[in-house]
Number of protein chains: 2
Amino acid sequence: MDSTFKALADPTRRRILALLRDRDRTAGEIASEFPIAWASVSHHLTVLKSAHLVLAERDGQFIRYSLNTTVFQELMQQILDLGPTRKRK
Amino acid sequence: MDSTFKALADPTRRRILALLRDRDRTAGEIASEFPIAWASVSHHLTVLKSAHLVLAERDGQFIRYSLNTTVFQELMQQILDLGPTRKRK
DNA sequence: CTTGTAATTAGATGATTGCCTAAATATCTT
DNA sequence: AAGATATTTAGGCAATCATCTAATTACAAG
């Protein structure tokens, strides 16, 4: 889970996730939302991919990114485990 | 919220939160759980404090740390906002 | 008010991170 | 096959981070 939290530590990466929340997007669509070089965005996408927070799929000339919904479930559980102790069984 | 996510990015800090989940502890109690220098743990505690994830209170000679429960609520909401779109109202 | 214990702050160092430009790879179009 | 577009990979640089040792602050107890 280390890579997941590390991936979320960067604001650009969190904004990428927010973009993907509504609909899937190509790498270019994502990159054009940021004032940094495409290569840098590509790097961020690699980090998110390694953390399994997003999925990448080639679509012809493009690469389409989407949220990996299942990992968000696990992440939620992790955060719950960090938080204050719940009512005991 | 940047500082919150950054604070969670380090495994030692997440373990500190886990320790505080069950009960409050002094800085020394926390530090003795880790193989690193007390000064390093103190630094981690400062990061957690800056992120408002923990609260510190002096208790005589000691400083007692506890979880800041309210921030965990907000954090949960943040994670929810990053995740896949929920059914629209 | 001096000594001991708890904890933080200061300053330094090596590792990681985020960014860049340039080059490479993959696909589509002609 | 050659050219155009989409995206990633490579190599480098400055900033941030986790850690260390040493010095400092805060309180307690003689």
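The structure presented is a predicted model; accordingly, all values stated were derived computationally and were not measured. Sequence order as written defines the numbering, with residues in each chain counted from 1. Chains carry letters and ligands carry numbers; both start at the beginning, A for chains and 1 for ligands, and go up in the order they are written. Owing to the predicted nature of the model, reporting of local features is limited to residues with pLDDT of at least 70; listing and counting of side-chain atom pairs is limited to 80 or more, with chain, interface and lining totals taken over all residues.

Undergrad: So what's going on with the overall build of chain A? Residues and values would help.
TA: When you go through chain A residue by residue, the secondary structure sums to five helices and three strands. Secondary structure elements follow DSSP: runs of H or I no shorter than four residues count as helices, runs of E no shorter than two count as strands, and numbering proceeds from the N terminus. Counting from the amino terminus, helix and strand elements in chain A follow one another as α-α-β-α-α-β-β-α. Viewed in the frame of its principal axes, chain A has a C-alpha envelope of about 55 × 25 × 20 Å. Relative to its 89 residues, chain A shows a buried fraction of 22%. Put simply, 54% of the contacts in chain A that link residues at least 6 apart link residues at least 24 apart. In this scheme every C-beta is placed from the backbone, and a residue whose C-beta has 20 or more other C-beta atoms within 10 Å is buried, one with 12 or fewer is exposed, and one in between is partly exposed. Contacts here follow a simple rule: the backbone-placed C-beta atoms of the two residues must lie within 7 Å.

Undergrad: Outline the protein's contact with DNA strand C, supporting the account with residue identities and numerical values.
TA: Placing the C-beta atom from the backbone, one calls a residue near a molecule or strand if that atom lies within 6 Å of it. Taken together, 26 residues are adjacent to DNA strand C, and Ile36 and Gly60 of chain A together with Thr26, Gly28 and Ala39 of chain B come closest. Looking at the surface near DNA strand C, the elements that each hand over two or more residues are α4 (38-50) of chain A together with α3 (27-31), α4 (38-50) and β3 (62-67) of chain B. Sorting elements by how many residues they give to the surface near DNA strand C places α4 of chain B first, with six residues. Looking at the surface near DNA strand C, its residues break down into 11 nonpolar, 12 polar and three charged. Polarity classes work like this: nonpolar for Ala, Val, Leu, Ile, Met, Phe, Trp, Tyr, Cys and Pro, charged for Asp, Glu, Lys and Arg, and polar for all others, with Gly in that last group.

Undergrad: Help me get a handle on the relation of the copies chain A and chain B, residues and values and all.
TA: The copies were overlaid by least squares, fitting only the C-alpha atoms of residues that reach a pLDDT of 70 or more in each copy. Here chain A sits on chain B after a turn of 180° about the axis and a move of 0.0 Å along it, with an RMSD of 0.0 Å. Both chain copies can therefore be described as sitting about a two-fold axis. Closest to the rotation axis within chain A is the C-alpha of Ala9 of chain A, separated from it by 3.0 Å. With an isologous cut-off of 70% or more, the 100% of interface residues of chain A that recur at the interface of chain B puts this contact in the isologous class.

Undergrad: Can you break down the sheet that holds strand β1 (residues 25-26) of chain A residue by residue, with the values?
TA: All names here are of chain A. Note: two strands are recorded as paired if DSSP finds a minimum of 2 bridges between them. Reading across the sheet, the three strands line up as β1-β3-β2 and stay open at both edges, with antiparallel pairing between neighbours. One side of each edge strand has no neighbouring strand; the edge strands of this open sheet are β1 and β2 (54-59). With six bridges joining them, β2 and strand β3 (residues 62-67) adopt antiparallel strand pairing. Across the sheet, the residue bridging to Val54 is Leu67, located in β3.

Undergrad: Summarise the interface of chain A and chain B; cite the residues concerned and give the values.
TA: Listed as interface residues are 21 residues of chain A and, on the opposing side, 21 residues of chain B. The set of elements that each furnish at least two residues to the side of chain A that touches chain B consists of α1 (2-8), α2 (11-22) and α5 (69-82) of chain A. Residues of the side of chain A that touches chain B, tallied by class, amount to 13 nonpolar, three polar and five charged.

Undergrad: Residue-level account of the sheet that holds strand β2 (residues 54-59) of chain B, with values.
TA: Spatially, three strands are ordered β1-β3-β2 (chain B) in an open sheet, and the strand pairing comes out antiparallel. Single-partner strands in this sheet number two, and they are β1 (25-26) and β2 of chain B.

Undergrad: Break down the packing of α2 of chain A against α4 of chain A for me, citing the residues and quoting the values.
TA: Residue and element names in this part refer to chain A. Between α2 and α4, whose axes approach to 10 Å, the crossing angle comes to 75°. Comparing their axes, α4 and α2 come out roughly perpendicular. Each of Thr12, Arg13 and Ile16 in α2 lies in contact with α4, whose residues at this interface are His44, Val47 and Leu48. The class makeup of the residues in the contact of α2 with α4 is three nonpolar, two polar and one charged. Only the contacting stretch of a helix is used when fitting its axis, a line to C-alpha atoms as for every element, and angles between N-to-C directions run 0 to 180 degrees. Between 65 and 115 degrees an angle is taken as roughly perpendicular, under 35 as roughly parallel, over 145 as roughly antiparallel, and anywhere else as oblique.

Undergrad: Please provide a residue-by-residue account of the protein's contact with DNA strand D, values included.
TA: In the vicinity of DNA strand D lie 26 residues, with Thr26, Gly28 and Ala39 of chain A together with Ile36 and Ala39 of chain B positioned nearest. Elements that contribute at least two residues to the surface near DNA strand D include exactly α3 (27-31), α4 and β3 of chain A together with α4 of chain B. In the surface near DNA strand D, the residues fall into 11 nonpolar, 12 polar and three charged.

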